[in-house]
Structure formats: C-alpha cells, structure tokens
Amino acid sequence: MHGFYAFYLAGRRILVTQSVSKESSSISKNEPSVSKWKDQEENLKHEETIAESGRIFVRNLSFTVTEEELTELLSKYGPLAELIMPVDRLSRKAKGFALVTFVIPENASTAYTELDGSVFHGRMLHLLPGKAKQSIEELLEQEGLTYQQKQKLKQKSQAASSHNWNTLFLGQNAVADLIAENYNTTKEQVLDSSGKASIAVRLALGETQIVSQMREFLEESGVRLDAFNQAPKQRSKTTILIKNLPAKTSASEIRELFAKHGELGRVVLPTAGVTAIVEFLEPSEARNAFTKLAYSRFKHLPLYLEWAPSETFAAPYSKEKPLKKEVSKLNEQSAAGDKATETEVNGEATDDDEDPEPDTTLFIKNLNFETREDSVKEHFKKCGPIHYVTVALKKDPKKPGELLSMGYGFIQFKKKASADKALKTLQQSVLEGFSVELKRSNRTLQTFGEIKAVRLPKKMVGTGPHRGFAFVDYLTKHDAKRAFKALCQSTHLYGRRLVLEWATSEEDVDEIRKRTAQHFLDEPPSIKNLRKSTIDPEDTGEGLD
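Under an unreviewed UniProt entry, the protein has the name RRM domain-containing protein and belongs to Timema tahoe. Recorded under Sequence similarities (unreviewed entry), the UniProt text for the protein is reproduced unchanged: "Belongs to the RRM MRD1 family." Per its UniProt entry, the protein bears the Subcellular location (unreviewed entry) comment "Nucleus".

(A) Highlighting the packing of aromatic side chains. Under the defined criterion, the tally for this structure stands at ten aromatic pairs. With a centroid separation of 5.7 Å and 50° between ring planes, the pair formed by Phe363 and Tyr408 is classed as tilted. A residue pair is termed long-range when its members are at least 10 positions apart, and Phe363 in strand β15 (residues 361-365) and Tyr408 in strand β17 (residues 403-413) qualify at 45 residues. We classify Phe363 as buried; its relative accessible area is 12%. Here a set of aromatic residues connected by ring pairs shows up, and it is made of Phe363, Tyr408 and Phe410. Just above the ring of Phe471 sits the side chain of Arg455; from NZ or CZ to the centre is 4.3 Å.

(B) Summary view of the sheet that holds strand β20 (residues 437-440). Read from one edge of the open sheet, four strands run β16-β17-β15-β20, paired in antiparallel fashion. Each edge of the open sheet is held by one strand with a lone partner, namely β16 (386-395) and β20. Averaged over neighbouring strand pairs, the angle between their axes works out to 25° when direction is ignored. Note that β15 and β20 share four bridges and pair antiparallel. The residue of β20 that forms the bridge with Lys365 is Glu437. Lying over the sheet, helix α14 (residues 373-380) contacts β15, β16, β17 and β20, oriented at roughly 145° with respect to β16. Of the strands in this sheet, β15, β17 and β20 touch helix α15 (residues 416-425), which is tilted by about 145° from β20.

(C) Inspection of the sheet that holds strand β4 (residues 80-84) at higher detail. A sheet is described by the order of its strands in space; here four strands give the open sequence β4-β5-β3-β8, paired in antiparallel fashion. The sheet is open, and its two edges are formed by β4 and β8 (126-129), each paired on a single side. Averaged over all pairs of adjacent strands, the angle between strand axes in this sheet comes to 20°, irrespective of strand direction. Against the sheet, helix α3 (residues 67-74) makes contact with β4 and β5 (98-102), and its axis sits at roughly 145° relative to β4, the strand it touches most.

(D) α14, seen in detail. Every buried residue belonging to α14 is among Glu373, Val376, His379 and Phe380, and all of these are buried. In a view along the axis of α14, the buried residues occupy a sector of 125°, so they form one face of it. Facing away from the buried side of α14 by over 90 degrees, the exposed positions are Asp374 and Glu378. Buried residues along α14 sit against β15, β16, β17, α15, β18 (430-431) and β20.

(E) Seen up close, the pattern of salt bridges. Counted by the stated rule, this structure contains 13 salt bridges. Across the pair Glu306 and Arg235 runs a salt bridge whose closest N-O atoms are separated by 2.7 Å. In this pair, Glu306 is assigned in strand β14 (residues 304-309) and Arg235 in strand β9 (residues 235-243), connecting sequence segments 71 residues apart. Here Glu306 falls in the buried class, since its relative accessible area comes to 4%. The residue Glu279 makes a salt bridge to Arg266 at a minimum N-O spacing of 2.8 Å. With a gap of 13 residues between them, Glu279 in strand β11 (residues 276-280) and Arg266 in strand β10 (residues 264-268) connect regions that are remote in the sequence. Across this residue pair, the class does not change: Glu279 and Arg266 are buried. Among the charged side chains, a salt-bridge network with shared partners connects Lys416, Asp420 and Arg440.

(F) Fine view of the pairing of β10. Across the five residues of β10, five count as buried, placing the element largely inside the fold. Strand direction decides the pairing type here: β10 and β11, joined by three bridges, are antiparallel. Within β11, the position partnered with Val267 by the bridge is Val278.

(G) Geometry of helix α4 (residues 105-115). Considered for burial, the residues of α4 that qualify are Asn107, Ala108, Ala111, Tyr112 and Leu115. The buried side chains of α4 occupy one side of the element, clustering within an arc of 140° when seen end-on. Along α4, the residues that are exposed and aim more than 90 degrees away from the buried face are Glu106 and Thr113. The positive-phi residue at the C-terminal boundary of α4 is Gly117, with phi of around 90°.

(H) Focus on the side chain of Ser418. Counting through the fold element by element, Ser418 comes out in helix α15. Once residues within four sequence positions are removed from consideration, Ser418 is found in contact with Cys383, Gly384, Pro385 and Phe413.

(I) Geometry of the environment of His379. Secondary-structure assignment places His379 in helix α14. Beyond its immediate sequence surroundings of up to four residues, His379 is in contact with Leu426, Ser429, Val430 and Leu431.

(J) Main features of the pairing of β17. Pairing geometry for β15 and β17, over five bridges, is antiparallel. Across the sheet, residue Ile364 finds its bridge partner in β17, namely Gly409. Bridging between β16 and β17 involves eight bridges; their strand directions are antiparallel. In the sheet register, Lys395 faces β17, and the bridge partner there is Leu403.

Analysis parameters
- Residues numbered from 1 in each chain as written.
- Predicted model: local features only at pLDDT ≥ 70, side-chain atom pairs only at ≥ 80, totals over all residues.
- Heavy atoms only, no water.
- UniProt positions renumbered as here; feature names shortened; annotations may be inferred.
- Phe/Tyr/Trp six-rings, centres within 6.5 Å; stacked < 30°, edge-to-face > 60°.
- Helix = DSSP H or I, 4+ residues; strand = E, 2+ residues; numbered from the N terminus.
- Buried < 20%, exposed > 50% of the residue type's maximum accessible area, 1.4 Å probe, protein only.
- Lys NZ or Arg CZ within 6 Å of the ring centre and 35° of its normal.
- Pairing = 2+ DSSP bridges.
- Axes fitted to C-alpha atoms, helices over the stretch in contact; angles between N-to-C directions.
- Contact = heavy atoms within 4.5 Å.
- Arc of directions from axis to C-beta.
- Salt bridge = Lys/Arg side-chain N within 4 Å of Asp/Glu carboxyl O.

Structure representation (structure tokens):
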C-alpha cells in the first residue's frame with residue numbers, strides 16, 4: 001500500500017510519500033485517493049504561509065463554544081481583523097470550525113504554534129493555514145467585469161469601513177414623497193418653484209418634522225439616540241443600521257429581506273419607513289447579511305448599511321415585549337440631564353417649556369393695524385392656554401426705527417381643543433373694531449418663533465459670498481431652544497447638514513474659529529444665544545403653496 005505522512009513546519013504542511021519506481025508501482029493512476037493527495041500537494045505549493053496571510057482555519061471546535069469565547073482565546077496573541085464562526089440554522093449551535101484573521105501576521109504564527117493540538121472546551125484544536133482573501137485589486141483584475149460590477153466591488157469593499165453616517169439621514173426624494181403624502185398633495189406641488197417660498201427651505205423643514213417623529217418612535221422602541229450622536233467607541237457585531245430605504249417601506253419587507261441570512265431579534269422601522277435598525281442573534285449571520293446586502297438594490301434604491309454602535313438598544317433583546325417605561329429609561333435620564341443643563345446655562349427655569357400639541361396654530365386675518373400681541377392674547381385667552389402670539393410687522397418707511405402692523409398674525413394654543421374652540425366661537429368676532437377671520441395654519445412647519453435678527457457674514461465687507469455660517473436671534477429663549485432642538489438633529493439645506501451651536505452675544509470670526517476648535521476637543525462652549533447655519537426670514541410663508 002502506498003504510504004503518506006503529513007506534518008507542519010514553520011506554518012506550512014510538509015507532505016511525505018513513499019518513493020517507489022514506476023516499474024514496481026502497483027497503484028493505478030486513476031486511484032481516487034492518490035489523485036486527491038496529488039491535488040492537495042499541488043495546491044499547497046501555491047498556498048501562503050500563516051506568517052504571510054495572518055489567516056488560520058480552526059477545526060474540531062466544541063459545538064457549545066461561542067464566538068465571544070473563541071475571540072477571547074485568540075485575542076491574547078494579538079488584535080483580530082476578522083473572526084467567522086458559522087452557526088447551524090436549525091440547531092442554532094456552532095458548526096465546529098472557524099476562520100480567523102489577525103491584524104499582524106506574526107501574531108497568527110504565534111497563536112498557531114501555541115494552540116495547535118491544545119485542548120479547548122474539552123476538544124483538541126486542529127489549526128490549519130487559512131486561504132488568504134483576495135484583495136480588491138485582485139478582484140478588479142478579473143477578466144470580463146463590467147464597469148458597474150467593478151463599482152459594486154469597490155462599494156462592498158468599503159461597506160464595513162468605520163465611517164459614521166448620520167443616523168437620521170433622509171434622502172431628499174423620500175422627504176418630498178412624505179411631505180406630499182402627509183399634506184394630501186402631489187410631489188410636483190411640493191417641488192413647485194413658482195411661489196415665493198424656497199423649495200430648499202420647504203424640504204428642510206419637512207425633513208425636520210419627519211426626523212422629529214422618527215426620534216420619538218425610536219426612543220419608544222428602546223433605541224438609545226445618544227449612542228448615535230457621537231463617534232461610537234465600539235461597533236455592534238449583531239446590529240445593522242439600514243439607510244436610504246424607499247419611503248413607506250414596511251417592517252415585514254425588511255424582516256423578509258434580512259431573515260434569509262439568519263435569525264433576527266428586533267426590527268425597528270419608523271412609520272416614515274426610510275431608516276431601519278435590524279438586530280441578528282448571531283454575529284456570523286449578521287456579517288453574512290451585511291456582506292451580501294450592502295449596496296444591493298432594494299426596490300429602486302441601493303441599501304446603505306452601517307454597523308450600529310454597541311449600545312444601540314437600552315436593554316438586551318428578549319422575546320417578551322419590553323415595557324415602554326423600561327426601554328426608554330436611559331433616554332429619559334438623558335433628557336433630564338439636558339433640561340438641567342439648560343436651566344444651569346440660562347440661570348432660570350421656565351414653566352412654559354411644555355411643547356404644544358399638533359394642529360394648534362391659527363392664522364388671524366383682518367387685524368386692526370393698531371392691534372398688538374397683548375390685545376390678541378386678551379381676546380383669545382378664554383379658549384384655553386396660549387403658547388405664543390405674533391403679529392406680523394414691517395419697518396415704517398416714513399419713521400425710521402418704528403414698525404407697522406401688516407394686518408395679520410398667528411396664535412398657537414397649548415391644546416388642540418383650545419384651537420378648535422377658538423375656530424367655533426371666535427370666528428368673525430370683533431377685536432378692536434375689526435371682524436377677524438380665522439383658519440388653521442401649518443406655520444409650525446415654517447417657523448419656530450419670532451426672529452429678532454439674522455446675520456449672514458460675507459467674505460469681504462458686504463460683498464462676495466457668505467462665509468458658511470450665520471447668527472439668528474430669537475425674541476424668546478423658548479423659541480430659540482425649540483428651534484435648536486428641532487434643527488440640530490438632521491436638517492439639510494441645499495444639500496448640506498446644518499450644524500447648530502449656542503453663540504455668545506458678541507463674537508468675531510476669530511472667536512468662532514477658536515470656539516469651534518474647542519468643540520472638537522470636547523471642551524463645551526459657552527451658551528447664551530442661538531447660532532445656526534441659515535434661515536431666511538423671507539422664507540417663512542404660510543403653508544406649502
């Protein structure tokens with residue numbers, strides 16, 4: 001019988017065979033076992049050593065071993081770039097093997113020398129050189145690839161990078177679709193540029209409203225939003241953030257798409273249906289789904305995937321439905337801390353910080369030109385608590401420094417029932433000799449309060465383009481805080497995300513640059529007035545028309 005013997009030396013398999021002459025050989029050339037060993041011998045000639053690839057194939061693992069336990073064992077020898085331990089779909093147990101790649105190949109050699117033949121969880125480990133992954137350059141050199149296939153390969157190779165996409169990002173196309181649906185109009189009317197109002201501002205404020213609704217839904221679903229508001233210290237191995245979904249995508253569609261690759265835990269998808277969070281129960285299945293689905297086409301859009309922060313959820317996954325009180329505990333604590341900070345910064349606490357209910361703003365037409373806010377409040381206070389009143393004013397061309405009423409204004413109540421009562425009881429009522437007309441207003445989508453001043457510094461003393469930042473002074477602190485809270489999350493204007501900070505009363509450009517540098521060094525700036533990228537007071541028209 002023809003004999004074979006194999007052993008390892010310096011990370012490479014040495015194959016020893018018995019030398020026999022052709023004349024005395026009694027082995028048929030077609031014998032399957034001989035052919036198999038010859039094929040393996042030929043492959044080994046071209047195989048990289050562990051010291052070159054840093055990649056090890058681990059066999060004979062116990063079926064009870066978890067990925068965390070194997071990671072702990074191997075990471076003693078150096079940082080790991082990747083660890084793949086497949087899990088059986090039916091039994092939900094490990095298949096008994098794993099593939100590990102070390103960041104530093106020398107660490108892989110050390111691990112191989114010390115662990116091969118050692119006992120782990122009651123079984124003797126068998127380590128083999130792993131086949132090195134093809135680099136993106138090698139993949140792109142394959143013949144017959146089209147330009148689109150090459151671009152897809154490049155995108156997939158970059159999908160698992162550590163860049164941090166904005167969690168609440170919404171595509172402008174999805175924003176336009178959702179605005180049209182929410183206001184029972186068409187997408188063409190939303191994007192109509194024939195009116196005075198800016199389309200960019202309209203989309204920005206529509207995005208702000210949608211993001212606000214998404215935040216509320218995510219918090220109620222046990223998502224820790226503060227984990228997304230900073231660079232994550234560690235990425236999750238089981239939770240994936242899905243972006244760029246078509247508007248009104250359903251949770252069942254997402255579950256069906258990702259369940260093909262493994263067993264799922266939680267699937268969180270706000271009603272807007274443009275951003276989702278999917279949790280897998282096994283890391284290996286999550287990685288497989290990420291690799292297969294990143295930049296793949298879903299309906300008519302490519303999927304943008306990102307590994308979510310490790311502390312995405314406030315509580316571990318449980319098949320039992322968690323109580324809302326428990327899952328939002330950390331969010332409530334964070335909100336309480338923010339309120340305490342605001343009180344400390346402003347040096348006072350306000351009792352009027354409760355946000356009004358939706359659909360509580362009324363448009364008041366045919367006001368006496370002498371009527372001001374106090375008179376309007378006195379006239380409407382019997383209907384219920386008032387959030388704010390504003391009368392539209394303009395500069396008096398004949399008397400510099402004085403303002404003239406434009407004959408209309410807005411009033412917002414705290415409760416929707418109060419606004420309904422005002423519409424029923426005070427329609428055509430007489431205020432200071434004029435019969436006022438009332439109608440519902442969606443002004444809350446267009447403004448956050450009365451603006452006292454807007455400054456947009458130019459590059460050269462009043463000429464040339466602006467410098468990319470602006471100052472906005474609100475009449476009340478409450479309005480400034482309300483605008484800051486709504487716009488600082490994920491509002492884009494002309495394709496750029498607005499970055500909001502609180503500014504001191506008087507600042508020059510050098511002070512702004514210095515304070516921005518401190519901000520990125522985690523030194524909190526002083527907070528007094530609102531600073532935002534830009535809002536044009538002329539773009540605060542009534543409604544979407």
